[in-house]
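Fold and contact review
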Amino acid sequence: MITNLKELSEEFGQNLKLDCDLKKKNWFNIGGKAKIYFKADNLKDLIKFLKIIENKENIFVLGGGSNTLITDDKYDGVVIKLANNFKNLSVLSDDIIIAGSIVSDKSLSEFALENSLGGFEFLSCIPGTVGGGIKMNAGCFNREFKDILISIQAVTKSGQVVTIPAKDINFKYRDSGLSDDLIFLSASFKGFKKEKELIQNEMNFLKEKKEKAQPTRIKTSGSTFKNPLDQSEKKVWELIKESVPLDISFGDAYISEKHCNFFVNKGNAKFKDMKSLIEYVSKNVFEKTGVKLETEIKILE
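This structure is a prediction, so every number in the text was calculated from the model and none was measured.

Scoring rules and cut-offs
Residues numbered from 1 in each chain as written. Predicted model: local features only at pLDDT ≥ 70, side-chain atom pairs only at ≥ 80, totals over all residues. Heavy atoms only, no water. Pairing = 2+ DSSP bridges. Helix = DSSP H or I, 4+ residues; strand = E, 2+ residues; numbered from the N terminus. Axes fitted to C-alpha atoms, helices over the stretch in contact; angles between N-to-C directions. Contact = heavy atoms within 4.5 Å. Buried < 20%, exposed > 50% of the residue type's maximum accessible area, 1.4 Å probe, protein only. Expected span 1.5 Å × (residues − 1). Arc of directions from axis to C-beta.

A word on the sheet that holds strand 2 (residues 33–40). Taken together, four strands build an open sheet; the order of strands is 1-2-5-3 and the sheet is mixed. Looking at which strands have only one partner, the edges of the open sheet turn out to be strand 1 (16–21) and strand 3 (59–61). If you compare each strand with its neighbour and ignore which way they point, the axes differ by 35° on average. The pairing of strand 1 with strand 2 spans five bridges and is classified as antiparallel. Of the residues in strand 2, the one forming a bridge with Asp-21 is Lys-33. Lying on the sheet, helix 1 (residues 5–12) is in contact with strand 1 and strand 2; it crosses strand 1 at an angle near 105°.

Next up, the structure:
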């Protein structure tokens, strides 16, 4: 464990905080404090920090916080947040985009639109960032990150920079199989030339489809559970609907009226409330259908 916190504080100044509140740093608006919170301004500082802590602490990299449920107890570890230097977007050639890992999926889709590149339209409907999208192979409307990814650039938690081609990544549904030892820095993506009007029309169509089916502008973290593709032909929302009273709640943790795989903090839900709701739904679906659900959201405790 880190003993020389004074050295860290002197080295990184305002970018390093002790007992940092995480509640406002995720979409659920739930969470306690992290023992250490480090905001990395650039790759040099990130590597320096990683080498000082020598992988002796639990490390969690917090992206947009769009699919993360954080404990109300103190997180006994390090939370790393990448700063805006990891938010760059550029065109490498006619059909390749380089995106920093904290670029939002929506921003990447809009940048592709500006550069008349198709294939990125589905990203306009996915909350979160490029890094998180790669890690979980995020997707919607029959498209996933694996369909556009060329390669990723990352740093290991011991401070070594690596490049991994997409062909070497074992992508599955909502899973990349990539090691938790990696912190994503940037990625390259391949699209194809397409008229802006056609790209915009498709983005509008997908957004309208999403608005009709999913809750927006509320304290939620998107899909709670993965679809159990290897266990059932039914979607997870269908299994929930037939297994659970949809008006069930724990404190201020509710099931969305619009989409029952979306759980909502209707006010001041606590971590234990949301986790109890997740466990209740999972248990009831298993007892009723025999299907064992796996969470899509990440739980930090």
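Resuming the write-up.
For strand 11 (residues 149–156), a buried count of seven out of eight residues is recorded, marking the element as mostly surrounded by other parts of the structure. Sheet topology places strand 11 next to strand 13 (residues 182–190); seven bridges connect them, and they run antiparallel. Of the residues in strand 13, the one forming a bridge with Gln-153 is Ser-186. Of the pairings in the sheet, the one linking strand 11 to strand 12 (residues 161–165) comprises five bridges and is antiparallel in character. The residue bridging Ala-154 from the neighbouring strand is Val-162, located in strand 12. Counted along the chain from strand 11 to the antiparallel partner strand 12, the turn is four residues long, and its residue Gly-159 has a positive phi close to 100°.

Our focus in this paragraph is helix 5 (residues 196–213). When the terminal C-alpha atoms of helix 5 are compared, their 26 Å separation across 18 residues agrees well with the 26 Å that a helix rising 1.5 Å per residue should span. Along helix 5, the residues classified as buried are Ile-199, Met-203, Leu-206 and Lys-210. Axial view of helix 5: buried residues confined to an arc of 70°, hence all on one face. Among the exposed residues of helix 5, those oriented more than 90 degrees off its buried face are Glu-197, Phe-205, Glu-208 and Lys-212. For helix 5, the secondary structure elements touched by its buried residues are helix 3 (105–114) and strand 8 (117–118).

For Phe-205, the location among the structural elements is in helix 5. Each C-alpha atom of the pair Phe-205 and Glu-121 lies 9.8 Å from the other, and the pair is 84 residues apart in sequence.

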